[in-house]
Amino acid sequence: MVTIATAAQEFLSCRRIAVTGVSRTPGSHGSNVIFDRLVERGYDAIPVNPHATEIGGRTVYPSLAAIPGSVEAVVIATAPTRALDTMKEAVDLGIDQVWMHRSIDAGSVSDEATAYGREHGVRVIDGGCPLMFDPVSDGGHKVMCRLFTWFGKVPRQVE
């Protein structure tokens, strides 16, 4: 077990990160905010959406396996019902850092996906948002981090 701060630091030390659920309608989904911020901060962020080929001038891939080369980490920002399939794909590809996004609601967190990932050696952050932590954070996300941690939406410890 490590603190969420340590887990977030290790996750964000990865420079090539896939973000699932990036939407063709940017204002409609938090995954676009995560993707855009990672790009702004110099990450090689890769958008994943099986229903799009291009978003904002960037190539979108239908799956993790379709991404040329490899990624070091994955943000799951889709419906929780899709999280297990994405986790299985990450395991098959040897990706050992996965963050399941959660804000006010259940977000993308799936207990089944969390258990599967951890059983297969993946560091799974099951809640919160990467944007709550430096070097990609902002003031609003830092405040949300404190509140959501207090309400149990951000884990205090990560396996």
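Residues numbered from 1 in each chain as written. Predicted model: local features only at pLDDT ≥ 70, side-chain atom pairs only at ≥ 80, totals over all residues. Heavy atoms only, no water.

Q: I tried to follow the layout of surface pockets on my own but got confused; where do I start?
A: The probe, sized like a water molecule, is rolled over the atoms to show the empty space still left. In this model, the largest pocket occupies a volume close to 250 Å³. In this structure, the largest pocket is lined by 16 residues; those nearest its centre are Gly21, Asn49, Pro50, Thr78 and Arg82. Sort the elements by how many residues they give to the lining of the largest pocket and helix α3 (residues 80-93) lands first, with 4 residues. Partitioned by chemical class, the residues of the lining of the largest pocket number 5 nonpolar, 8 polar and 3 charged. (1 Å grid on protein atoms, 1.4 Å probe; cavity = no way out; pocket = protein on both sides within 12 Å on 5 of 7 lines; lining within 4 Å. Points joined across faces, edges and corners; volume = space filled by probe spheres on them. Helix = DSSP H or I, 4+ residues; strand = E, 2+ residues; numbered from the N terminus. Nonpolar A, V, L, I, M, F, W, Y, C, P; charged D, E, K, R; others polar.)

Q: Hey, could you run me through the sheet that holds strand β6 (residues 73-76) in this one?
A: Backbone-to-backbone hydrogen bonds pair the strands of a sheet. The strands run either parallel or antiparallel. Read from one edge to the other, the open sheet built from 5 strands follows the order β3-β2-β6-β7-β8, with strand pairing classed as parallel. In this open sheet, the two strands that pair with only one neighbour each are β3 (44-48) and β8 (123-126). Pairwise comparison of adjacent strand axes, ignoring direction, gives a mean angle of 20° for this sheet. By the bridge criterion, 3 bridges tie β6 to strand β7 (residues 97-100) in an arrangement that is parallel. Each bridged residue has a counterpart across the sheet, and for Val74 the counterpart in β7 is Val98. The sheet strands contacting helix α1 (residues 4-12) are β2 (16-20), β6, β7 and β8, and the helix crosses β8 at an angle near 120°. Against the sheet, helix α4 (residues 111-119) contacts β7 and β8, and its axis sits at roughly 160° relative to β8. (Pairing = 2+ DSSP bridges. Axes fitted to C-alpha atoms, helices over the stretch in contact; angles between N-to-C directions. Contact = heavy atoms within 4.5 Å.)

Q: Help me understand the side chain of Thr20, please; the structure alone is not making it clear to me.
A: Relative to the assigned elements, Thr20 resides in strand β2. A polar side-chain atom of Thr20 sits 3.1 Å from the main-chain amide nitrogen of Ala77. (Polar contact = N/O pair within 3.5 Å; in protein donor to acceptor, adjacent residues only side chain to side chain.)

Q: Explain the pattern of salt bridges here, please?
A: Where charged atoms from two side chains of opposite charge come close, those side chains can pair. One pass over the structure, following the stated rule, counts 8 salt bridges. Taking the shortest distance from any N to any O, the salt bridge between Arg16 and Asp44 comes out at 2.7 Å. Separated by 28 residues along the polypeptide, Arg16 in strand β2 and Asp44 in strand β3 bring together distant segments of the chain. When its relative accessible area of 33% is taken as the criterion, Asp44 is described as partly exposed. (Salt bridge = Lys/Arg side-chain N within 4 Å of Asp/Glu carboxyl O. Buried < 20%, exposed > 50% of the residue type's maximum accessible area, 1.4 Å probe, protein only.)

Q: Just to check I follow, could you spell out unusual backbone geometry for this structure?
A: Note: most residues except glycine have negative phi, and most peptide bonds are trans. With an omega of 15°, the peptide bond running from Asp134 to Pro135 counts as cis. Among the secondary structure elements, Pro135 is positioned in the loop between β8 and α5 (139-150).

Q: I keep staring at the pairing of β2 and nothing clicks. Help me out?
A: A regular strand places its side chains on the two faces of the sheet in alternate fashion. In terms of burial, β2 is largely enclosed, as 4 of its 5 residues are buried. Across 5 bridges, β2 lies against β3 in parallel orientation. Of the residues in β3, the one forming a bridge with Arg16 is Asp44. Bridging between β2 and β6 involves 3 bridges; their strand directions are parallel. Paired with Ala18 across the strands is Val74, a residue of β6.

Q: Even after reading the chapter, I still don't get the nonpolar core, so can you show me in this structure?
A: One recurring pattern in soluble globular proteins: nonpolar side chains tend to sit buried together. Counting residues in hydrophobic clusters, the biggest one holds 32 residues, and the most contacted among them are Phe11, Ile17, Leu38 and Phe133. Other than its neighbours up to four places away in sequence, Ile17 contacts Phe11, Leu38, Tyr43, Asp44, Ala45, Ile46, Ala73, Val74 and Val75. One finds Ala18, Val71, Leu84 and Val124 within the second-largest nonpolar core, a separate group that totals 20 residues. (Core = buried A, V, L, I, M, F, W, Y, C linked by side-chain atoms within 4.5 Å.)

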